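Below, each chain spelled out in residue letters.
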Amino acid sequence: MLFRIIVLLIPLWLSGQNLLPPIYNYRLLEYKGASKNWDLSVNANGELFVANNKGLLHFNGEQWSLNKLPNNTIIRSVESIGDRIYTGSYEEFGYWKKNQLGELEYTSLTQLIKDHEFTSEEFWEILPAKNNVLFRSFSSIYSYDGNSIKVLDPPQVISDFIEFNDKIIVAGGLSGLFELRNDTLVPLPNQELLQGKTVTDMVVFKGKLLVGTKLSGCYLFDGLRLQSWIPRINEELKLHQLNKILLLGDDEIGFGTIKNGMYLFNTNTDSYQVLNRESGLQNNTVLSMLLFNDHLWLGLDNGIARAKLNNSIMYYTDYSGTLGMVYDMVDHNGRLYLGSNTGVFYFEDNALKFVNGSQGHVWDLAEIEGDLLCGHNTGTYKVGENGFQLLTSQSGGYQIIKVPDQNATYIQGTYNGLMKFKKQPNGQWEITRIRGIDFPVKHLSFETPNILWAAHPYKGFYRIHLADNYEEVEQTQRFDQDSAPSEYNVKVFNIKNQMVFSSEGKWYKYNPIGDRIIPFEEFSDYENKELLFFDDSHFWFVDGEGRKSIIYTDLKSDSLMITDLPLRERLIPDSQRVIKMNDSTSYITLSDGFAKVDDLRLQGQTNQHALPIPDVTVLRDEKNTYSANGTVKIPYNNAESIIIEASCPEIIQSRYFYELEGPKEYSEYAENGFINFQNLPHGEYTFKVSTAGMDNRISEPNIIYFEIAPPWYLSTVSMIFYGICTILVVFAIRQYNRRKFMRKQKELQEQMEKEQQERFSQLEKEKLAKEVKLKQNELASTTLNIAKKNEMILELKNMLLMNKDKFSNSQRYRSFIKKLNKSIQDTEDWKRFEVNFKELHEDFFERLLKEYPSLTPKDLKLCAYLKMNLSTKEIAPLMAISVRGVEIHRYRLRKKLDMDSSDNLSNFLITF
């Protein structure tokens, strides 16, 4: 094989128990291939390639993929060399290579073969040697130098070949070993022992060639002499049909058989252990084997398996179902005892044996005062050489603990109360029931020698004050304040003289000063975790949910997380326990056995190697898959869901820590390599993913960059369009505002002109009004003057008429009267009046005559005076008639105007 890695394997011949490394089986439904797996190979990153009946299987540490040949034939051999994966099939061989998207693409090499025809050949083995790649069928060897292929077609059947001491050694069917020299097979010396035997596999071990045969075991060849291999495992290999050999270390060899799985053999101790169906494999026929970084891969006739060698945790598993679920363990007198739901068991001569009479559920095993006591469903028993001895029939011995400061005195919680155990000097146990408690007590812990905390399985916990003789209860306290724990499944602990409680994943403690229960801040980081075990320096926690990883911590800087999948899958919910055997060894109870933890090796294993950097195998959106090299640009329409697949083939069940930096940021642990981001906003992102170790360390990150394009409405073209539209809009708004401004300016100018015109008109109107007023005043003044003048003349006339007799000269009297009459009837006064009147009432006479053509000049004169709102008394002098005459004239005028007697003549003419 390409990778012959020397690994110091933990001793597998452990006495007392059949402890094996963790095994993980991959089944057909998981890897989606056929059942048979003929060959295995890994590349430098630890990615696995499997020659399968359906094609080439590829496992990147997280996901399996099946790659089929163009002719869909069975692949019999596979070898990873550099960046190529060579495979051999039926009359076909070539290589696979990853493209930019990480997908395997096949290139056939058979077209390079000249002047040769296949004879129904299948290629069972591929060997890199001397810058060439050799392909072996049973009838021929094909040598590929990178450009051409040379064919060696010997007469012998070729069952195997290997490079040894810079030579190509070929197993020639039933004829022994040959050296490939100058394109011919040259027989090696001293091959009599191999005559008639079929060689199945060969490895170089400690400078010699270890040759395995089908049914005759193994032989050693040093280049000159062939001899039988004498370890006792050789008989097992003859019996179970050896198929494959694999070096596991300087002194370790793995043998794959057809009938009984794989043997892990240590040449120093001449001892071995078997990985077969009884110990966890899904099939006993091993077709191929591979070791990479302590990971032992097995290609089986039905499935694929992986075992973690050199592991700090080893497992005992009872596949028969006889043992059942283990609840407690104890090492007593050099013998390991197990208490399970089916009884008490122990190991003797590497075999599991049952303690007769112990059938039933075992809750507790405790070595006290030199005796092994068993808290059983039916009572409490003493386990000894004479079998299972009943001490008390008080059923359900949950837990027994020592009373502080008391000699050989213990308290036990049972199904219905407390029991006191005291060992007498004669070795007998005195057992009495403690009065005052009649309920189930599952967990016990002493606060002081006389104060005991007891937890009911369903009804919370109690602080019990015991009498000095420990035979009765003096006082029982309960705590039901709001801050107290839930009553269901409470557990109590005395941690460094503090009473600590766990309930429903939360931690509390008793405050003796306030006599109340308060949160326990020191365990705030361990919510939803169950405390399995603690001592003066370290605590063992297990996740109550999720991964069920075990955490080993000192609550300060030293913290270790155990994430072995077989351990997490087999922990017992709410009943798992850690049993500390000594400073370096702990046991963990499991649902079908137990695990043994080497604490020192576990811590050393954590600090031994730097964590590998994970690979980013896939980056894809909803429609496309991208290469992780360079910056990946993802269309916005496809970015609703982005999946990034990371893998770390070097670690079983890898755990990851990832960070996303960009417009949206994340920072989380991932339980597998499938990381999905939903609805990320557009922008540039930096994605970092690291492998997370069992001690919460993280590796150097693998960094990729991707960019989510903006949506179409935020793309560059759209932004340019928006810019142009913005410019056009700004221009349009500017033009609109300009037109609006000009229109407004024009409106304002017109309004100003209008207002100015109105002001001019108003001024003109006011001027005209003033003129009219002035003319009216002038007209009124003139009219009044005329009226006064006429009135005065009339008075003079009347005076003359009254003094007519006093005139001596009648001629002269008449002359005076004539002049006075002429003055009264002066037309010039009327003409001036008429001119002034017409200036004020331009068309009054025309409209009046047009309406009433029968009016006389005298009527018009009366109408003019009435329009001026003159009284009858004022009109009379103007018309040189009496007031009575005016009234008569008004009466006549009313008739001409066809007015009713109730109508006001003056108002009519004023408004006419």
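Okay, so let's go over this structure. Just so you know, these numbers come straight off a predicted model, no measurement behind them.

**Here we look at the sheet that holds strand S58 (residues 625-626)**
One open sheet holds the four strands; their spatial order is S58-S57-S60-S63, and the pairing between them is antiparallel. The sheet is open, and its two borders are formed by S58 and strand S63 (674-678), each paired with just one other strand. With five bridges joining them, strand S57 (residues 615-620) and strand S60 (residues 641-647) adopt antiparallel strand pairing. Opposite Val-618, over in S60, you have Glu-645 as the bridge partner.

**A closer look at the pairing of strand S27 (residues 295-300)**
Of all six residues in S27, six are buried; the element is thus mostly enclosed. Across the two faces of S27 the burial is the same, with His-295, Trp-297 and Gly-299 and Leu-296, Leu-298 and Leu-300 all buried. Relative to S27, strand S26 (residues 286-292) runs antiparallel, the two sharing six bridges. Looking at S27, one finds that Ser-288 is bridged to Gly-299. Once S26 ends, the chain turns through two residues before running back antiparallel as S27, passing Asn-293 with a positive phi of about 50°. Strand direction decides the pairing type here: S27 and strand S28 (residues 303-308), joined by six bridges, are antiparallel. Across the sheet, the residue bridging to Gly-299 is Ile-304, located in S28. Between S27 and S28, which follow one another and run antiparallel, lie two residues.

**Quick word on the packing of helix H10 (residues 872-879) against helix H11 (residues 883-896)**
Running from amino to carboxyl end, H10 crosses H11 at an angle of 100°, the nearest separation of the two axes being 8 Å. The orientation of H10 relative to H11 falls into the category roughly perpendicular. Between H10, through Thr-872, Lys-873, Ile-875, Ala-876 and Met-879, and H11, the contact on the second element is made entirely by Val-883, Val-886, Glu-887, His-889 and Arg-890. Of the residues assigned to the contact of H10 with H11, the class counts are five nonpolar, two polar and three charged.

**A short note on the sheet that holds strand S55 (residues 585-590)**
Here we have four strands laid out as an open sheet, ordered S29-S56-S55-S54, and antiparallel in their pairing. Two strands close off the open sheet at either side, each with one partner strand: strand S29 (313-317) and strand S54 (578-580). Strand-to-strand twist in this sheet, taken as the mean axis angle between neighbours without regard to direction, amounts to 20°. With five bridges connecting them, S29 and strand S56 (residues 593-598) associate as antiparallel partners. Looking across to S56, one finds that Met-314 is bridged to Lys-596.

**Looking at the pattern of salt bridges**
Inspection of every chain in the model, using the stated rule, returns 24 salt bridges. Taking the shortest distance from any N to any O, the salt bridge between Glu-47 and Lys-98 comes out at 2.7 Å. With Glu-47 in the loop between strand S2 (37-42) and strand S3 (48-52) and Lys-98 in strand S8 (residues 92-98), the pair connects residues that are 51 residues apart, well separated along the chain. Here Asp-843 ties to Arg-847 by a salt bridge, and the two come within 3.3 Å at their closest N and O atoms.

How each quantity is defined
Residues numbered from 1 in each chain as written. Predicted model: local features only at pLDDT ≥ 70, side-chain atom pairs only at ≥ 80, totals over all residues. Heavy atoms only, no water. Pairing = 2+ DSSP bridges. Helix = DSSP H or I, 4+ residues; strand = E, 2+ residues; numbered from the N terminus. Buried < 20%, exposed > 50% of the residue type's maximum accessible area, 1.4 Å probe, protein only. Axes fitted to C-alpha atoms, helices over the stretch in contact; angles between N-to-C directions. Parallel < 35°, antiparallel > 145°, perpendicular 65-115°, else oblique. Contact = heavy atoms within 4.5 Å. Nonpolar A, V, L, I, M, F, W, Y, C, P; charged D, E, K, R; others polar. Salt bridge = Lys/Arg side-chain N within 4 Å of Asp/Glu carboxyl O.

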